[in-house]
Amino acid sequence: MNNTSTTTLTMKREFNVKPEKVFDAWLNPVMMKKWFFTLEGTNKVAQNDPKVGGSWEIVDHRQGVDYRAIGDYVEINSPEKIVFTFKMPQFSELEDTITVELKELGQGSEMTFTQLIHAENEEQWTDADIVKALDEMRDGTEHGWNLMFMGLKELVETGKVSYQG
């Protein structure tokens, strides 16, 4: 039996631009390839069909390996909310759910990002092992998003991304 467990990662970010601009960066393939699981210099594929039931795909080429991320759009409510699925088939068939909520703050906006992370449990794991694995997965995921969100902030506020991680 393939046993899975879940954890939730929630992150908040503020941007000095209106929610519409941040919303667009999540759905516009020209913008996506500059920050979303990829960088312009390493991106091979950035495509999406931003409608409910539509899908997205990013392929990033790093150190001789193609990394593919795919998902489907579950909810799109411009410019307040996007809900989509996320998985990297080469690592796992498990699918996470990501919710991006945006609200206007004065001249800027606040983004609340929530990822429901699914992890596969090894058969012999104890509850403590599961908690440790989920914590490590959440920490690693948060680290990755932190780097991406730095790029996102720079992109929406200045129009370019200098970070090349």
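These notes cover the structure that comes with them. These numbers come from a predicted model, not from an experiment.

**Focus on the pairing of strand β5 (residues 81-86)**
Next, step 1: Most of β5 is tucked away: five of the six residues are buried.
Next, step 2: With four bridges joining them, strand β4 (residues 65-77) and β5 adopt antiparallel strand pairing. Bridged to E75 within β5 is V83.
Next, step 3: Between β4 and β5, which pair antiparallel and follow one another directly, the connecting turn spans three residues.

**Digging into the pattern of salt bridges**
Next, step 1: Applying the stated rule across the entire model yields 13 salt bridges.
Next, step 2: Notably, a salt bridge pairs K18 with E104, separated by 2.8 Å at the nearest N-O pair. With K18 in the loop between β1 (4-15) and α1 (19-27) and E104 in strand β6 (residues 96-105), this residue pair connects regions lying 86 residues apart in the sequence.
Next, step 3: One salt-bridge network, in which partners are shared between bridges, spans K12, K103 and E110.

**Quick notes on the packing of α1 against helix α3 (residues 127-158)**
Next, step 1: Running from amino to carboxyl end, α1 crosses α3 at an angle of 120°, the nearest separation of the two axes being 10 Å. By the angle class used here, α1 and α3 are oblique. Both α1 and α3 take part in a crossing whose hand is right-handed. Of α3, the residues touching α1 (which contributes K21, V22, A25 and W26) are W145, F149, L152 and V156.

**Looking at the environment of L116**
Next, step 1: Structurally, L116 is set in strand β7 (residues 108-120).
Next, step 2: Judged by its relative accessible area of 31%, L116 falls in the partly exposed class.
Next, step 3: As for L116 and I98, which are separated by 18 residues in sequence, their C-alpha atoms are 6.4 Å apart.
Next, step 4: Not counting residues within four places of it along the chain, the set of residues in contact with L116 comprises T6, T7, T8, D96 and T97.

Cut-offs and rules
Residues numbered from 1 in each chain as written. Predicted model: local features only at pLDDT ≥ 70, side-chain atom pairs only at ≥ 80, totals over all residues. Heavy atoms only, no water. Buried < 20%, exposed > 50% of the residue type's maximum accessible area, 1.4 Å probe, protein only. Helix = DSSP H or I, 4+ residues; strand = E, 2+ residues; numbered from the N terminus. Pairing = 2+ DSSP bridges. Salt bridge = Lys/Arg side-chain N within 4 Å of Asp/Glu carboxyl O. Axes fitted to C-alpha atoms, helices over the stretch in contact; angles between N-to-C directions. Parallel < 35°, antiparallel > 145°, perpendicular 65-115°, else oblique. Left-handed = near helix turned anticlockwise from the far one by under 90°. Contact = heavy atoms within 4.5 Å.

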